Amino acid sequence: SPTPPSPTPGDVCEVSCEEEFPKCVNFKGCEICLEELQTAGSMLVNRGECTAGCDPTMTMTDLCPTTTPPPPSPTPPSPTPPSPTPGDVCEVSCEEEFPKCVNFKGCEICLEELQTAGSMLVNRGECTAGCDPTMTMTDLCPTTTPPPPSPTPPSPTPPS
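Attention in this report is confined to the structure presented alongside it. (Residues numbered from 1 in each chain as written. Predicted model: local features only at pLDDT ≥ 70, side-chain atom pairs only at ≥ 80, totals over all residues. Heavy atoms only, no water.)

Taking 1.5 Å of rise per residue, the 14 residues of helix α5 (residues 92-105) would be expected to cover 20 Å, and the 20 Å separating its terminal C-alpha atoms lies within 8% of that figure. The set of residues buried in α5 consists of Cys94, Glu97, Phe98, Cys101 and Val102. Contacts made by the buried residues of α5 are with α6 (107-114), α7 (120-124) and α8 (135-140). Two residues or fewer past α5, Gly106 is found with a positive phi of approximately 95°. (Helix = DSSP H or I, 4+ residues; strand = E, 2+ residues; numbered from the N terminus. Expected span 1.5 Å × (residues − 1). Buried < 20%, exposed > 50% of the residue type's maximum accessible area, 1.4 Å probe, protein only. Contact = heavy atoms within 4.5 Å.)

What follows is the structure, given as structure tokens:
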């Protein structure tokens, strides 16, 4: 029996696929959507009725260039932009986004995201990755372990 045609390299993605691609990218980013394009049964392939492994159209490659950019030519070290130095307090926008993150994901994950450039919290809150949480943020999620209780003299046991 004839086998269904498998995509041959050079098969350009369908229009429906091209139309679904930007929605995927807005939600998940280029890297994941380009992977999904190669994966039969992925959300992008199903929603966009794409042929898994099809060649991205010009519109798709304009949105997400698939070729790796050439390595940057060695330039003399330029002064690096100021990286967050320990002691840089998080921005107000970041402080405002933080409770939303905590309600959704919990303290531990949001404190990790605060250290991670490109994380959802850093992007949505316009945070400087690695910034020091503000008082409001630490009140919500204490980052330091509380000091051990100072040894108190044993209280006299009440007579039984």
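The next thing to look at is the nonpolar core. Counting residues in hydrophobic clusters, the biggest one holds 15 residues, and the most contacted among them are Cys17, Phe21, Leu37 and Leu44. Elements that contribute at least two residues to this core include exactly α1 (15-28), α2 (30-37) and α3 (43-47). Sorting elements by how many residues they give to this core places α1 first, with 4 residues. Setting aside its immediate chain neighbours within four residues, Leu44 contacts Glu20, Phe21, Cys24, Cys33, Glu36, Leu37, Glu49 and Cys50. (Core = buried A, V, L, I, M, F, W, Y, C linked by side-chain atoms within 4.5 Å.)

Here the focus is the pattern of salt bridges. With the rule as written, the count across this model stands at 4 salt bridges. Lys23 is the partner of Glu20 in a salt bridge, and the nearest nitrogen-oxygen pair spans 3.8 Å. In this pair, Glu20 and Lys23 are both assigned in helix α1, 3 residues apart and thus about one turn of the helix distant. Using a relative accessible area of 12% as the deciding quantity, one classes Glu20 as buried. (Salt bridge = Lys/Arg side-chain N within 4 Å of Asp/Glu carboxyl O.)

The next point concerns the environment of Asp132. Inspection of the secondary structure puts Asp132 in the loop between α7 and α8. Its relative accessible area of 30% is what places Asp132 among the partly exposed residues. Separated by 17 residues in the primary sequence, Asp132 and Gln115 place their C-alpha atoms 9.3 Å from one another.

A few words now on the packing of α1 against α2. Packing of α1 against α2 leaves a shortest axis separation of 8 Å and a crossing angle of 140°. As summarised for this structure, α1 and α2 are arranged oblique, according to the angle between their axes. As α1 packs across α2, the resulting crossing turns out to be right-handed. Between α1 and α2, the residues in contact are Cys17, Phe21, Cys24, Val25 and Lys28 and Cys30, Ile32, Cys33, Leu34, Glu36 and Leu37, respectively. Taken together, the residues of the contact of α1 with α2 break down into 9 nonpolar, no polar and 2 charged. (Axes fitted to C-alpha atoms, helices over the stretch in contact; angles between N-to-C directions. Parallel < 35°, antiparallel > 145°, perpendicular 65-115°, else oblique. Left-handed = near helix turned anticlockwise from the far one by under 90°. Nonpolar A, V, L, I, M, F, W, Y, C, P; charged D, E, K, R; others polar.)

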